Structures are given as C-alpha cells and as structure tokens.
Amino acid sequence: MTHIAIIGAGITGVTTAHALLERGYKVTVLDRHRYAAMETSFANGGQLSASNAEVWNSTATILKGLRWMLRNDAPLLMNPKPSWHKYSWMGEFVGSIGRYRANTIETTRLAIEARRHLFSIAERENIAFDLERRGILHVYHDKTGFDAGMRVNALLRQGGLDRRPVTPEEIRAIEPALQSSCYGGFFTPSDATGDIHKFTRGLADACIRRGARFVHDAAVDAIARIDGGFGVSWRATGSTDAVAPARHDLQADGIVICAGVASRQFAAMLGERVNVYPVKGYSITVQFDAPQSRQAAPTVSLLDEAAKIVTSRLGADRFRVAGTAEFNGFNRDIRADRIRPLVDWVRQHFPAIDTSKVVPWAGLRPMMPNMMPVVRAGHSPGVFYNTGHGHLGWTLSAATAQIVAEAIDDWSGLGAPPMVPSSPVDASKTSHAAFL
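The paragraphs below set out a description of the structure included in this document. (Residues numbered from 1 in each chain as written. Predicted model: local features only at pLDDT ≥ 70, side-chain atom pairs only at ≥ 80, totals over all residues. Heavy atoms only, no water.)

On a plain count of helices and strands, the protein comes out with 11 helices and 20 strands. Relative to its length of 436 residues, the protein is compact, with a C-alpha radius of gyration of 21 Å against a globular reference of 22 Å. Dimensions of the protein, computed from the C-alpha atoms along their principal axes, are close to 65 × 50 × 50 Å. Residues counted as buried form 57% of the 436 residues belonging to the protein. Considering only contacts in the protein between residues 6 or more positions apart, those separated by 24 or more positions represent 75%. Accessible surface, the protein as shown: approximately 17,800 Å² in total, 53% of it carbon and sulfur. (Helix = DSSP H or I, 4+ residues; strand = E, 2+ residues; numbered from the N terminus. Rg over C-alpha atoms; globule rule 2.2 N^0.38 Å. Buried < 20%, exposed > 50% of the residue type's maximum accessible area, 1.4 Å probe, protein only. Contact = heavy atoms within 4.5 Å. Areas by Shrake-Rupley, 256 points an atom, 1.4 Å probe, with all protein chains shown as cover.)

Turning our attention to the pairing of strand E1 (residues 3-7). Burial analysis of E1 places 5 of its 5 residues in the buried class, which makes it a mostly covered element. Every second residue of E1 is oriented toward a common face, with His3, Ala5 and Ile7 on one face and Ile4 and Ile6 on the other, all of them buried. Of the crossover connections in this fold, the one passing from E1 over helix H1 (residues 11-22) to the parallel strand E2 (residues 26-30) is right-handed. Bridge count between E1 and strand E13 (residues 254-257): 4 bridges; the pairing is parallel. Bridge pairing links alanine 5 to isoleucine 255 in E13. (Right-handed = clockwise from strand over helix to strand, strands pointing away. Pairing = 2+ DSSP bridges.)

Before going further, it helps to examine empty space enclosed by the protein. Gaps left between atoms show up when a probe the size of a water molecule is rolled over them. Enumeration according to the criterion identifies 1 cavity of 30 Å³ or more in this entry. As a volume, the largest cavity reaches approximately 30 Å³. Along the walls of the largest cavity sit Thr15, His18, Ala19, Ile121, Ala398, Ala401 and Gln402, which together make up its complete lining. Breaking the lining of the largest cavity down by element, the ones donating at least two residues are H1 and helix H11 (393-412). Within the lining of the largest cavity, the residues separate by chemical class into 4 nonpolar, 3 polar and no charged. (1 Å grid on protein atoms, 1.4 Å probe; cavity = no way out; pocket = protein on both sides within 12 Å on 5 of 7 lines; lining within 4 Å. Points joined across faces, edges and corners; volume = space filled by probe spheres on them. Nonpolar A, V, L, I, M, F, W, Y, C, P; charged D, E, K, R; others polar.)

On to the side chain of aspartate 337. Locating aspartate 337 in the fold gives a position in helix H10 (residues 336-349). What makes aspartate 337 buried here is its relative accessible area of 19%. Engagement of the side chain of aspartate 337 in a polar contact is seen with the side chain of arginine 335, the distance being 2.8 Å. Leave out the neighbours within four places in its chain, and aspartate 337 touches Asn72 and Asp73. (Polar contact = N/O pair within 3.5 Å; in protein donor to acceptor, adjacent residues only side chain to side chain.)

A word on the environment of valine 27. With respect to the helices, strands and loops of the structure, valine 27 is situated in strand E2. The buried category is assigned to valine 27, whose relative accessible area is 2%. C-alpha of valine 27 to C-alpha of glycine 160: the two residues are 133 residues apart in sequence and 34 Å apart in space. For valine 27, the contacting residues outside a window of four places in its chain are His3, Ile4, Ile6, Ala17, Leu20, Leu21, Ala212 and Arg213.

Its boundaries defined by the atoms lining it, the second largest pocket holds a volume of some 290 Å³. Contributing to the lining of the second largest pocket are 15 residues, with Ile62, Gly65, Leu76, Met78 and Met90 lying nearest its centre. Considering each element in turn, the lining of the second largest pocket owes the most residues, 5 residues, to helix H3 (residues 84-95). Here the residues of the lining of the second largest pocket are counted per class, giving 13 nonpolar, 2 polar and no charged.

With that settled, the discussion passes to unusual backbone geometry. Residues apart from glycine generally show negative phi values, whereas peptide bonds are mostly found in trans. If you check the backbone angles, alanine 37 has positive phi at about 60° while not being a glycine. One can find alanine 37 in the loop between E2 and strand E3 (47-48). With relative accessibility at 2%, the residue alanine 37 sits in the buried group. The phi dihedral of threonine 324 is positive, around 75°, even though this residue is not glycine. Looking at the secondary structure, you find threonine 324 in strand E17 (residues 318-327).

Attention now goes to the nonpolar core. Counting residues in each nonpolar core, the largest one holds 70 residues, and the members touching the most others are Ile6, Val27 and Phe199. Ranked by the residues each element gives to this core, the list is headed by H11, at 10 residues. With sequence-adjacent residues up to four places away left out, isoleucine 6 is seen in contact with Gly13, Thr16, Ala17, Leu20, Val27, Thr28, Val29, Leu30, Val256 and Cys258. Ala297, Val321, Leu342 and Ala362 belong to the second largest nonpolar core, which has 28 residues in total. (Core = buried A, V, L, I, M, F, W, Y, C linked by side-chain atoms within 4.5 Å.)

In this section: a nonpolar patch on the surface. Nonpolar side chains collect at one region of the surface, where Tyr35, Met38 and Phe42 lie side by side and expose about 240 Å² of accessible area between them. By the element assignment, tyrosine 35 lies in the loop between E2 and E3. (Patch = residues over 30% accessible without salt bridge, like charges linked within 9 Å, V, L, I, M, F, W, Y side chains within 5 Å. Salt bridge = Lys/Arg side-chain N within 4 Å of Asp/Glu carboxyl O.)

Strands belonging to one sheet form pairs held by backbone hydrogen bonds; the direction of such a pair is parallel or antiparallel. What the 6 strands build is an open sheet, ordered E9-E2-E1-E13-E20-E19; its pairing is mixed. Pairing within the sheet leaves two strands with one partner each, and these edge strands are strand E9 (213-215) and strand E19 (374-377). Adjacent strand axes in the sheet meet at a mean angle of 20° when their direction is disregarded. (Axes fitted to C-alpha atoms, helices over the stretch in contact; angles between N-to-C directions.)

Next comes the structure, spelled out in structure tokens:
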C-alpha cells in the first residue's frame, strides 16, 4: 500500500487525507498542534463563498491599500518595515494584475465544484458543523461600490455562479435583521456557511476511522530522500524535557505539503520555492445568552464590501464576524485596535445584539501573490503541494484535495476510482501556473 505523509492538519491537510483514503492509500498526517484545525482553520469567517472568489490583484486594491496605510482601523494594513519576503511577494502580486479576470473566473469555477464535494463529504461522514445553506448577501452602501460590484458580478457569472443584483427592498426581505440602509447588493443563494473547526475536526475523526494515523505535537524539522521515498523527522512539542525534546521519524513513499503559512519553509527543505505569505485576518465570535440577541442577529450570511467584513450565524447561540487583512509577517498578536472595528460594525448594523461576550481571534491566511492555490506535483518525484489558498481555504479545500489526489494517482499508478465524482479541473491540464 502506497504510504503518503501529509504535513499539516488544517482544512487542506485533512480534506487531502480523506481524498487519499478513499482512493486506497495509507495516510499519516503530522501537525505541530495537539489537535487538528488549531491555526487558520480555527475561527475564520465561516463562509463557503463562491461569491467571494474575486482575486485581489487589481490597481484598485493597491490604491485602497495606499490610502489606508495610516489608519490603524483600516480593512487592509501593511507594516512598512522592510522584509525581502514581503516585498518580493508584493512585486509578484503586482505582476499578476494581468491575470485578474482569468484567475477570478477560474477560482469561481473551482469554488462551485468545491461546495459540491464538501456537502457530499459532510453527508457521507455524518459531520455536524452548523451548516446553513441560506445563501450570502453582499451589500454596498453607495453607487460607486455597487457599480464596481456589478463588474465583478459579470466575471463571477462567467465562472458559472448564480449571483443576482438586489434592491434595498429585496435586501430587507432577504435579511430583515439588517438595520442600516444600503444602496444595493448581490445575493448568491447557493453559497453557505458553517464552522470550519467543527468540520475539520469531524473529518479528521472520520479519517481516523478509515485508518489514517494522525501524529500531533510534531514539529517537523527535516524531510529527506531515503531509499526511493522520504524520511520525515520531528521533535515532540509536548515533551517535558526542555533540553532535549524527544525526536521521532517515519518513512513514506510520497509527501504532501499542506502546511499553510509554513509551506514556504517546508518547500525550502525540498529545494523548492513556494512564495506563500502570511496575511493576518481577525474575527470575533459573539456569544448569545439573551433571546433578544438571537432575534436581532442575521440568519443570512453577509459581506459588507466597504468594511471588508463577513458574517456567519453558527447555530442558535453564536455569531461570527471576520475581516481585515494585515501584512505583518508571522505576527499572531490579537490587537485591540483591529478587533474594535468588528465590534463597532456589529453595534452599528445590529444595535440590539449584546456584545458583552465577544471572543477575539487572529489567524494567518497562506496567500500566494497571484491569489491562486498551489495544487501540483513538486519538482522531485513524490512531492506534492496543496497550499496557499488565502482567504478561500475553507471554500476551495474539498476541490483542491481531489485535484492533488488525482495527481498522486498519476504518479503512483494506483489509479483507484474516487468515491465521489472527480473535479472537472484537471491538475495536469489547467492553464494556471499555480496548478502546474
């Protein structure tokens, strides 16, 4: 049985493990945390949003970023401190502006396919994750923003998405709880929301039932070619011996890097360059104790274009609000001045919600300069990547797992038919450099 080691137990690592198990592989997943989904897959905005598939590579994004640089509460913030990694990433970001239209359309297609896979997986594995299939409502507060949204909408529709413009009256009918006025919006009835942490943990349990081995508290620090395969070595992060932590190793036939923002480091161990940059995002989870808050909160997921804020209702008692993009290296600090705008947004648009119980969180999105995930074979036989999904990791993961599993089938010669219909996006034929 072909043995595949997966580095990373976030949403991409666990969906990749599941796809490989369904094809008959032996799978070991390694992660430096004690449990699955403890970093970027812990408390994101919760949206499964093909409607948010627009890539950021545009002149408008750059101009907005320059205007926002001196505002601590800005939706996009960059620490100007010099960093070769950051500025090389920025240079490649600008160089990808010419692919804005094509990459937005391709991401939309991939997101639509990914939703189908994810819903199928959740049903087959009986995973409860506060799924709400009520659609996503994208709101604009002025004509300029709405007109820009109409141009984006044309690209999303080219990608096959059913996303229609709505009037202020229709917005109030779709989500009566929204108290602020809007110029207009767009509604995507096929989009959904859910708790990424619950889903990933539930899928990890399903993988274990199917025979996968999960190795936690494993800080992988070496990957090397051994006897036609790979040797993976790690130190135990939970060791009580601070001087000499316990070391372990395993041997595998192939390896998949699904390590989020750490993927650049692991690619370097393998002699490759994967220019993932950590873009910090923040969220708050508002806990509802009073019936008044439950009644005042929206049930339809929202995306406020001006504030760059998204919302998700997670069950009866939780409300997730997320947003912002911060270019500040691997800093994971939760800054009060970045959390405050999220709380203020809730108070402005849903004044009857009690925000006295708010849990803040910050995570690092693994972003490639062209905003496209890296889903491909490596330069060395047996090495594969499924990483760099940026703000759409939750949305795209179920499809990119299928793509990388198909690439592993081609390499291994196993060729076992998948348990679910395979994605129409062929990793070996797609035109995008991210997948080649």
